[in-house]
Amino acid sequence: MRDISDALCGVSIDLPENGTGDTLSSTLLQFQILSLQGAGFDTTSRTIMFIILYLITFPDVQERAQKEIDHELGSSRNISGNDQAKLPYVMATVLEVLRKTAIVPFAIPHLTLHDAKLRGYDIDKDTVVFFNLHSVAHKESYWGCPENFRPKRLLDDSGNLLEKCSHLAFGAGRRQCPGETIAKMKIFIVIATLLQRCSFQKADGSDLDFDPTRGLVLSFKVIVKRNL
Ligand code: HEM
């Protein structure tokens, strides 16, 4: 058993095509694995890509994050998920990019289970509804200048991460992203490890494009310099 895909294969084995209830037919199994791949990889890799874009655009943030890593962990030891608490500024940078980009801006579709009323609007049973996560992450009265990229906004005066960090990038309620913890950990390990060993700069003649194209993978050229 290596991972969740193996676990799903384990429960689907030898079941008929129309498996129901707690069992999985091979078609359902394919959907489950595709959902996990789609929901897990694209979101995480794009977030990492956006963090690199922000680090290049805000070299002061890049430098401060590197100083924190140097000071707390040094340049040689491997970084693990357990180091998140030791590197609050790096974590705040990751979370501020998640807030600002809102890479899953409308979460995924939900369906009302019964007639409902919201802010004076009647919403019928079986209506498809979306959370506007982008709007939550950019609410002026809550964030104050939400358009500014400022990891420090997520730290208190002593430099510790604030509760405010839960800004719903992963949705809320029963259908909240089940990959939140692992996603944050993976992104943290990749970014902290890269910053421990490399610096990022804009490549000559390449534009830094913050205007996301939904549904297509954005790409840009950068220079990566190895620090060791
Ligand atoms: C930066 C990384 C990620 C972000 C921003 C993100 C965000 C989201 C959001 C906003 C939703 C919809 C929640 C809702 O409708 O309330 C969602 C659903 C989901 N995510 Fe993620 N996600 C990320 C990474 C991952 C990873 C790594 C996995 C798997 C390991 C994953 C698996 C899923 C699945 C299976 C769903 C559907 C849950 C359901 O339908 O009940 N996600 N994600």
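Below, the structure is looked at part by part. (Residues numbered from 1 in each chain as written. Predicted model: local features only at pLDDT ≥ 70, side-chain atom pairs only at ≥ 80, totals over all residues. Heavy atoms only, no water.)

Overview of the environment of T193
Selection rule: Working definition: helices are DSSP H or I runs of at least four residues, strands are E runs of at least two. Numbering for both runs from the N terminus. Buried residues are those whose accessible area, probed at 1.4 Å on protein chains only, stays under 20% of the maximum for their type, while exposed residues exceed 50% and partly exposed ones sit between those limits.
In this structure, T193 sits in helix 7 (residues 180-197). For T193, a relative accessible area of 21% puts it in the partly exposed group. Taking the C-alpha atoms as reference points, T193 and S75, separated by 118 residues in sequence, lie 9.2 Å from one another.

Observations regarding the packing of helix 3 (residues 59-73) against helix 4 (residues 88-101)
Rules: To get an axis, a line is fitted to the C-alpha atoms, and for a helix only the part in contact is used. The angle between two axes follows their N-to-C directions and goes from 0 to 180 degrees. Contact criterion: two residues are considered in contact whenever any of their non-hydrogen atoms come within 4.5 Å of each other. Any residue outside Ala, Val, Leu, Ile, Met, Phe, Trp, Tyr, Cys, Pro, Asp, Glu, Lys and Arg is labelled polar, Gly included; the first ten of those are nonpolar and the last four are charged.
Look at helix 3 against helix 4: their axes get within 8 Å of each other, and the N-to-C directions meet at 145°. Residue-level contacts link V61, R64, A65, E68 and I69 of helix 3 to P88, Y89, V90 and T93 of helix 4. In terms of residue class, the contact of helix 3 with helix 4 is built from six nonpolar, one polar and two charged.

With respect to the nonpolar core
Using the following cut-off: We call a set of buried residues a nonpolar core when its members are Ala, Val, Leu, Ile, Met, Phe, Trp, Tyr or Cys and they connect through side-chain atoms within 4.5 Å of each other.
In terms of nonpolar packing, the biggest core is built from 35 residues, with I51, I69, L87, V90, F188, I191 and A192 touching the most fellow members. Those elements giving two or more residues to this core turn out to be helix 2 (26-57), helix 3, helix 4 and helix 7. Of the residues forming this core, the biggest block, nine residues, is contributed by helix 2.

Topic: the pattern of salt bridges
Cut-off, in case you're wondering: Take a side-chain nitrogen of Lys or Arg and a carboxyl oxygen of Asp or Glu: if they are within 4 Å of each other, that pair is a salt bridge.
Per the stated rule, a full pass over the model turns up 11 salt bridges. Of the charged contacts in the structure, one is a salt bridge between D42 and R46, with a shortest N-O distance of 3.6 Å. Linking D42 with R46, this pair stays in helix 2, spanning four residues, or about one helical turn. Judged by its relative accessible area of 36%, D42 falls in the partly exposed class. Several salt bridges converge on common partners, so that one network encompasses R77, D83 and K86.

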